[in-house]
Amino acid sequence: MAVMNRRLGLSLSQLSRTVIQRHFSITGACRAIQKLTRVRVVDNSALGNTPYHRPPKCIHVYNKTGVGKVGDTILLAIKGEKKKALIVGHKMPGAPMTPRFDSNNVVLIEDNGNPVGTRIKTPIPYILRQREGEFSKVLAIAHNFV
Amino acid sequence: FSSSEYRISSDGKAAKFQPPPKPVIIDKQKQREERRFLSPEFIPPRGRTDPLKFFLERKDMIQRRKVFNIPEFYVGSILAVTTADPYANEKANRFVGICIQRGGKGLGATFVLRNVIEDQGVEICYELYNPRIQAIEVLKLEKRLDDNLLYLRDALPEYSTFDVNMKPVTHLDYEDIPVNKLQVRMKPKPWSKRWERPKYNIKGIKFELPEKKMKEAEKWRQPWLEFDMLREYDTSKIEEKIWKEVSEELKK
């Protein structure tokens with residue numbers, strides 16, 4: 001009887017602790033973006049901002065290596081749909097003098113490169129400006145640069 | 001002849017002549033010399049490398065310092081760095097942040113600045129001797145209780161937010177560097193590192209963990225490391241020599 005009570009007590013305390021919600025990915029040593037990484041959509045598109053019971057996950061990286069860095073396109077699984085996205089920041093430290101963000105940030109994109117959202121409030125690294133040709137529309141809707 | 005009778009005092013009686021107090025001269029030059037600051041990247045690491053390598057690196061570092069002013073700062077001071085960036089508008093990029101870590105020795109010395117912009121935490125690792133850096137400005141010179149503030153990543157974002165347009169706080173030359181004894185409050189666990197463990201020896205966190213967790217963390221304490229003689233590295237004499245060398249070269 002006492003054993004049962006102890007077991008119940010433990011599960012109750014665990015329940016009380018799991019009420020805390022987080023918006024960013026929770027894994028400890030998160031590095032650059034690869035398959036199955038949970039990402040954070042930073043533009044103001046409806047698809048990226050409506051809540052869903054599963055966080056958006058990367059399912060493919062359009063790269064020779066399966067690791068996505070800033071400026072790479074990835075395929076995202078959001079709300080049961082597949083959508084392409086552009087990586088604008090990751091938790092992995094890159095070259096010196098480049099910014100490192102506290103979350104893996106991503107901007108939703110169409111197949112032709114047009115962004116889905118209309119505004120990006122989070123800071124974007126200046127390095128994306130190097131590929132002005134491909135990402136001109138995404139850079140046009142960005143407000144803050146780092 | 002004495003003018004004491006003609007002196008009007010509050011008593012109404014003749015006041016005795018009081019000489020004016022002597023001016024106290026603070027010899028600022030002496031105090032400045034007492035406080036020496038040698039940037040940590042000048043101190044060579046312990047090892048079997050030829051000291052000639054460090055000497056040559058120091059020469060190059062002094063050469064760069066003559067052309068570009070690298071101010072004195074510590075971990076916990078707020079800096080503003082302007083870098084030359086071909087992709088930035090006006091070709092210059094300004095970033096304001098708190099210094100959380102100073103790493104590297106010699107010409108590869110780096111410092112990491114952290115700030116929270118639009119609810120997004122951003123950290124940039126700058127190289128001190130990189131020619132792309134155009135200006136380093138110390139907005140607030142202060143020290144913190146710890147040598148590195150990597151735990152700010154797991155602290156509440158208000159402790160890492162700094163105004164991008166903040167005015168520099170003046171610091172007088174002869175005063176001691178203020179130590180900010182701020183105890184930071186953390187986000188709920190899990191953290192990126194187990195900061196409560198004694199190996200990190202962090203004094204700047206207000207741990208709100210239960211006693212049981214703090215006691216469990218003490219299990220990882222290694223009190224014998226403090227007395228390990230092979231790990232000792234006394235830098236006082238090396239610092240003296242390098243300080244003399246560097247200050248002489250910089251005066252030229």
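Residues numbered from 1 in each chain as written. Chains lettered and ligands numbered in written order. Predicted model: local features only at pLDDT ≥ 70, side-chain atom pairs only at ≥ 80, totals over all residues. Heavy atoms only, no water.

Looking at the overall build of chain B
Thinking step 1. Secondary structure summary: chain B contains four helices and seven strands in total.
Thinking step 2. Ordered by position from N to C terminus, the α and β elements of chain B give α-α-β-β-β-β-β-β-β-α-α.
Thinking step 3. Radius of gyration (C-alpha) of chain B: 25 Å, far over the 18 Å computed for a compact globule of 252 residues.
Thinking step 4. In terms of overall dimensions, chain B has C-alpha extents of about 85 × 55 × 55 Å along its principal axes.
Thinking step 5. Scored against the burial criterion, the 252 residues of chain B give a buried share of 35%.
Thinking step 6. The long-range fraction of contacts in chain B, counting pairs at least 24 apart against all pairs at least 6 apart in sequence, stands at 64%.
Thinking step 7. Counting only carbon and sulfur atoms, one obtains 52% of the accessible surface of chain B, whose full area is about 17100 Å². (Helix = DSSP H or I, 4+ residues; strand = E, 2+ residues; numbered from the N terminus. Rg over C-alpha atoms; globule rule 2.2 N^0.38 Å. Buried < 20%, exposed > 50% of the residue type's maximum accessible area, 1.4 Å probe, protein only. Contact = heavy atoms within 4.5 Å. Areas by Shrake-Rupley, 256 points an atom, 1.4 Å probe, with all protein chains shown as cover.)

Brief notes about helix 4 (residues 236-251) of chain B
All names here are of chain B.
Thinking step 1. Over its 16 residues, helix 4 extends 22 Å from the first C-alpha to the last, a length consistent with the 22 Å expected when each residue adds 1.5 Å.
Thinking step 2. When helix 4 is considered as a whole, its buried residues turn out to be Ile242, Val246 and Ser247. On an axial view of helix 4, the arc spanned by its buried residues comes to 130 degrees, and they lie on one face. Residues of helix 4 that are exposed and point over 90 degrees away from its buried face: Lys237, Lys241, Lys244, Glu248 and Lys251. (Expected span 1.5 Å × (residues − 1). Arc of directions from axis to C-beta.)

Some thoughts on the side chain of B:Glu142
Residue and element names in this part refer to chain B.
Thinking step 1. When you line up the elements, Glu142 lands in the loop between strand 5 (133-140) and strand 6 (143-144).
Thinking step 2. The buried charged residue Glu142 lacks any salt bridge partner; its closest oppositely charged side chain belongs to Lys140, at an N-O distance of 4.0 Å.
Thinking step 3. Only 3.2 Å separates the side chain of Glu142 from the side chain of Asn180, close enough to count as a polar contact.
Thinking step 4. With near-sequence residues (within four places) excluded, Glu142 lies in contact with Tyr74, Val75, Gly76, Ser77, Ile177, Pro178 and Asn180. (Lys, Arg positive; Asp, Glu negative; His and termini not counted. Salt bridge = Lys/Arg side-chain N within 4 Å of Asp/Glu carboxyl O. Polar contact = N/O pair within 3.5 Å; in protein donor to acceptor, adjacent residues only side chain to side chain.)

Here's the deal with the nonpolar core
Residues and elements named next belong to chain B.
Thinking step 1. Ranked by internal contacts, the top residues of the largest apolar core, which has 54 residues, are Phe111, Tyr126, Tyr151 and Leu152.
Thinking step 2. Mapped onto this core, the elements with two or more residues apiece are helix 2 (51-67), strand 1 (78-84), strand 2 (92-103), strand 3 (110-117), strand 4 (120-127), strand 5 and helix 4.
Thinking step 3. For this core, the element with the most residues is strand 2, which contributes five residues.
Thinking step 4. For Phe111, the residues in contact, after removing those within four places along its chain, are Phe73, Leu79, Val81, Cys99, Gln101, Arg102, Ile124, Cys125, Tyr126, Leu128 and Ile136. (Core = buried A, V, L, I, M, F, W, Y, C linked by side-chain atoms within 4.5 Å.)

A few points about the confidence of the model for chain A
Residue and element names in this part refer to chain A.
Thinking step 1. Looking at chain A as a whole, its pLDDT mean stands at 85, while 79% of the residues score no less than 70.
Thinking step 2. Summarising per-element confidence for chain A, the mean pLDDT is lowest in helix 1 (residues 2-17) (51) and highest in strand 3 (residues 73-78) (96).
Thinking step 3. For residues 26-30, every residue scores under 50 in pLDDT, and the model assigns this stretch eight contacts once sequence neighbours within four places are set aside. (pLDDT = per-residue confidence, 0-100.)

What about unusual backbone geometry?
One can expect most non-glycine residues to show negative phi and most peptide bonds to be in trans.
Thinking step 1. In this structure, the amide linkage connecting B:Lys189 to the following residue, B:Pro190, adopts the cis form with an omega of 10 degrees.
Thinking step 2. Although it is not a glycine, A:Met97 adopts a positive phi angle of roughly 70 degrees.
Thinking step 3. Looking at the element boundaries, A:Met97 is found in the loop between strand 4 (81-89) and strand 5 (99-101).
Thinking step 4. For B:Glu118, which is not a glycine, the phi torsion comes out positive at approximately 55 degrees.
Thinking step 5. Take B:Glu118: it is sitting in the loop between strand 3 and strand 4.
Thinking step 6. Taking relative accessible area as the criterion, B:Glu118 reaches 42% and is therefore assigned partly exposed.

Digging into the interface of chain A and chain B
Thinking step 1. On the side of chain B, 24 residues touch chain A, which itself brings 22 residues to the contact.
Thinking step 2. Summed over both sides, the interface of chain A with chain B buries roughly 2000 Å², with 56% coming from carbon and sulfur.
Thinking step 3. Linking chain A to chain B there are two salt bridges.
Thinking step 4. With a shortest N-O distance of 2.8 Å, A:Asp102 and B:Arg114 are connected by a salt bridge.
Thinking step 5. Ranked by the residues each element gives to the side of chain A that touches chain B, the list is headed by strand 5 of chain A, at three residues.
Thinking step 6. Each residue belonging to the side of chain A that touches chain B can be placed in one class, and the counts come to 10 nonpolar, six polar and six charged. (Buried area = accessible area lost by both parts, 1.4 Å probe. Nonpolar A, V, L, I, M, F, W, Y, C, P; charged D, E, K, R; others polar.)

Some remarks on the packing of helix 2 of chain B against helix 4 of chain B
Residues and elements named next belong to chain B.
Thinking step 1. Between helix 2 and helix 4, the least distance of the axes is 10 Å, while the angle of their chain directions is 40 degrees. By the angle between their directions, the pair helix 2 and helix 4 is classed as oblique. As helix 2 packs across helix 4, the resulting crossing turns out to be right-handed. Note on element contacts: helix 4 touches helix 2 through Ile242, Glu245, Val246, Glu249 and Leu250, opposite Phe55, Arg58, Ile62, Arg65 and Lys66. (Axes fitted to C-alpha atoms, helices over the stretch in contact; angles between N-to-C directions. Parallel < 35°, antiparallel > 145°, perpendicular 65-115°, else oblique. Left-handed = near helix turned anticlockwise from the far one by under 90°.)

As for the pattern of salt bridges
Thinking step 1. For the structure shown, the criterion picks out 18 salt bridges over all chains.
Thinking step 2. Here B:Arg94 and B:Glu137 are joined by a salt bridge, their closest N and O atoms 4.0 Å apart. Here the residue B:Arg94 occupies a position in strand 2, and B:Glu137 occupies one in strand 5, the gap between them amounting to 43 residues.
Thinking step 3. Given a relative accessible area of 38%, B:Arg94 falls into the partly exposed group.
Thinking step 4. Residues joined in a network through salt bridges with shared partners are A:Arg100, A:Asp102, B:Arg114, B:Glu123 and B:Arg153.

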